[in-house]
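Take a look at the letters that make up each chain.
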Amino acid sequence: MKTVLIGAGSDLGEHIDGSKFGPSQLLNDIKSSYKGEIISFIQDDKIIKNRNLSDRRKNEYEINQFNTKIYHTILEQIKKGFFPITIGGDSSVSIASSLASSTRFEDMGMIYISAHADFHTFKSTISGNINGLSCAAITGYECAELRSFHTHNNGIVINPKKTVIVGARNIERLEKDNLRYSGATCFTTEDLLQKGIESVMEEAFKIATDKTNGVHIVYNMDIFDPDFTSGVSIPEVDGITIDNGMKILNELLNRIHVIESFDIVELNPLRDIDRKTEQVALNILANTIQKVEKYKNMEAEEKKY
């Protein structure tokens, strides 16, 4: 199995502009060394983006149209035997990528690396940014309108009880209620510091997989402290260092045998200083490609004997 890179250039899920350019930036950086297939989408320039913070359903129709394309493209690549790596865009694109990947198993798990839990619903959201509803939509906690395109496997979603959010540090009160009722698990940035990255990630995988199901990964660039990586649309202070972010990545890739798909989201080149965030995202992408292809090649060789 080889990787396929899917650029999902949309920032319709947030009122800040710029993350739609993240995929093209990273794909341009890696195209000279990457030998696999690249498929890229970017939101239509004709769309007049709604930035009204009082509108709880900002750009809902346009996001669904965009995600429908991403979803069916990933389904097609999965059927061909490819390992999809989706590059966002804001995290609303992960609704499409994760649900497409979930069609491989009836009990798919997910590890969601992010400063935000993204577990709002249309009722609880304050900003109306749909990227803040992503995790709830993916795990079937209300938000059915955001996954109307997901008709395969009878619409079975990623199991909330096998969903683990890692690194969240700004969770609003109503969002905490949603998390609690859903059954999803959340480890905060403080948990990472107190328990240690290795311990948290080991526990995360124990929750997300029982070795009979696969795991989808979402790696949001806002996990880092903005002092180190400024290039995200909605930064949160008191984040982790770049070294710790790479330790999290290593813990993920050391378990590549249970990972079925991978997202890197929320790089915003318009807010990046000296392209530092871009370089970190590129390192994450390059390391993931290398690890996936090495593992899949070894797996293919073993099957010959």
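As the structure is a computational prediction, the values presented were derived from the model and not from experiment.

K.L.:
With reference to specific residues and values, describe unusual backbone geometry.
P.N.:
If you check the backbone angles, D118 has positive phi at about 55° while not being a glycine. Its location among the elements puts D118 in the loop between β4 (109-113) and α4 (134-138). A positive phi angle, close to 55°, is found at D274, a residue other than glycine. Within the secondary structure, D274 sits in the loop between β8 (259-265) and α9 (276-303).

K.L.:
Go over the packing of aromatic side chains, please, and point to the residues and values.
P.N.:
Evaluation of the coordinates by the stated rule reveals three aromatic pairs. With a centroid separation of 5.0 Å and an interplanar angle of 55°, the aromatic rings of Y71 and F149 are classed as tilted. Residue Y71 is located in helix α2 (residues 60-79), and its partner F149 is located in the loop between α4 and β5 (163-168); the two are separated by 78 residues in the primary sequence. By relative accessible area, which is 0% here, Y71 ends up buried. Taking the relative accessible area as the measure of exposure, F149 reaches 6% and is therefore buried. Ring plane angle 50° and centroid distance 5.9 Å describe the contact between F119 and Y141, whose orientation is recorded as tilted.

Reading guide: rules and limits
- Residues numbered from 1 in each chain as written.
- Predicted model: local features only at pLDDT ≥ 70, side-chain atom pairs only at ≥ 80, totals over all residues.
- Heavy atoms only, no water.
- Helix = DSSP H or I, 4+ residues; strand = E, 2+ residues; numbered from the N terminus.
- Phe/Tyr/Trp six-rings, centres within 6.5 Å; stacked < 30°, edge-to-face > 60°.
- Buried < 20%, exposed > 50% of the residue type's maximum accessible area, 1.4 Å probe, protein only.

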